[in-house]
Amino acid sequence: MLENISKYHVVLASNSPRRRELLGGLGVPFEVKVLPDIEENYPADLPVAQIAEYIAREKADAYRPVMADDDLIITADTIVVVDDQVLGKPADAADASRMLHMLSGRTHQVITGVCLTTKTLQRHFSVTTDVTFKSITDEEIDYYVTRYQPFDKAGAYGIQEWIGYIGVTSLSGSYFNVMGLPVQRIYVELSRL
């Protein structure tokens with residue numbers, strides 16, 4: 001499948017082991033290449049629904065000066081949104097606990113922005129998934145944060161980890177998007193290149 005992209009050298013611009021696993025599941029050969037010190041800032045007045053896609057495009061633009069002619073760069077950014085507030089990666093255990101308390105007993109959105117970039121084209125999009133958590137106890141939050149140290153995850157949780165097993169009561173949208181890469185949509189977009 002996806003023979004149409006065989007002319008490209010696919011590069012996943014992410015250190016995330018989850019994104020590597022998910023992209024690998026599509027059967028697309030790729031290399032991981034990450035540039036150091038790419039800023040993940042966005043304008044303060046940018047609508048929340050556009051933030052992840054904006055950051056994915058900014059990441060892609062950082063690769064343009066070092067791209068080979070046959071490179072196809074895949075960049076992504078994931079945010080968690082509750083009450084129109086963006087939850088990125090927690091700074092420490094206290095921040096992770098604060099975020100999980102905010103998500104407890106509520107529905108939030110996970111938005112992943114993706115950008116596909118070659119020398120001659122750029123496609124970008126975002127995918128939103130609604131996730132509902134049960135009321136999570138202080139003890140459960142402490143256990144998860146201490147055991148799993150979710151400091152590299154937007155919203156301080158991985159749905160594929162213990163907290164997802166015991167906490168998620170419903171999901172509307174792509175499960176893989178919540179893990180960090182909406183592979184179904186990426187497959188569709190790659191097939192259109």
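Residues numbered from 1 in each chain as written. Predicted model: local features only at pLDDT ≥ 70, side-chain atom pairs only at ≥ 80, totals over all residues. Heavy atoms only, no water.

### Some points on the packing of aromatic side chains
The geometry of an aromatic ring pair comes down to the distance between the two centres and the angle between the two planes. The full count for this structure, using the stated rule, is four aromatic pairs. On the basis of an interplanar angle of 25 degrees and a centroid distance of 5.2 Å, the ring pair of Tyr144 and Tyr148 is categorised as stacked. Of this pair, Tyr144 and Tyr148 both sit in helix α4 (residues 138-148), four residues apart, which is roughly one turn of that helix. The exposure class assigned to Tyr144 is buried, which follows from its relative accessible area of 0%. Under the relative-accessibility criterion, Tyr148 is labelled partly exposed at 33%. (Phe/Tyr/Trp six-rings, centres within 6.5 Å; stacked < 30°, edge-to-face > 60°. Helix = DSSP H or I, 4+ residues; strand = E, 2+ residues; numbered from the N terminus. Buried < 20%, exposed > 50% of the residue type's maximum accessible area, 1.4 Å probe, protein only.)

### Re the nonpolar core
Counting residues in each nonpolar core, the largest one holds 41 residues, and the members touching the most others are Leu100, Leu103 and Tyr157. Ignoring sequence-local partners within four residues, the contact set of Tyr157 consists of Leu100, Leu103, His108, Val110, Val131, Phe133, Tyr144, Pro150, Ile163 and Val178. If you look at the next biggest cluster of nonpolar residues, it comprises nine residues, including Val48, Ile55, Ile79 and Ile111. (Core = buried A, V, L, I, M, F, W, Y, C linked by side-chain atoms within 4.5 Å. Contact = heavy atoms within 4.5 Å.)

### A closer look at the environment of Asp61
Tracing the backbone shows Asp61 in helix α2 (residues 51-63). Take Asp61: its relative accessible area is 34%, and that puts it in the partly exposed class. Remark: the alpha-carbon pair of Asp61 and Pro17, spanning 44 residues in sequence, is separated by 22 Å.

Bear in mind that shape data such as this cannot, by itself, settle questions of function.
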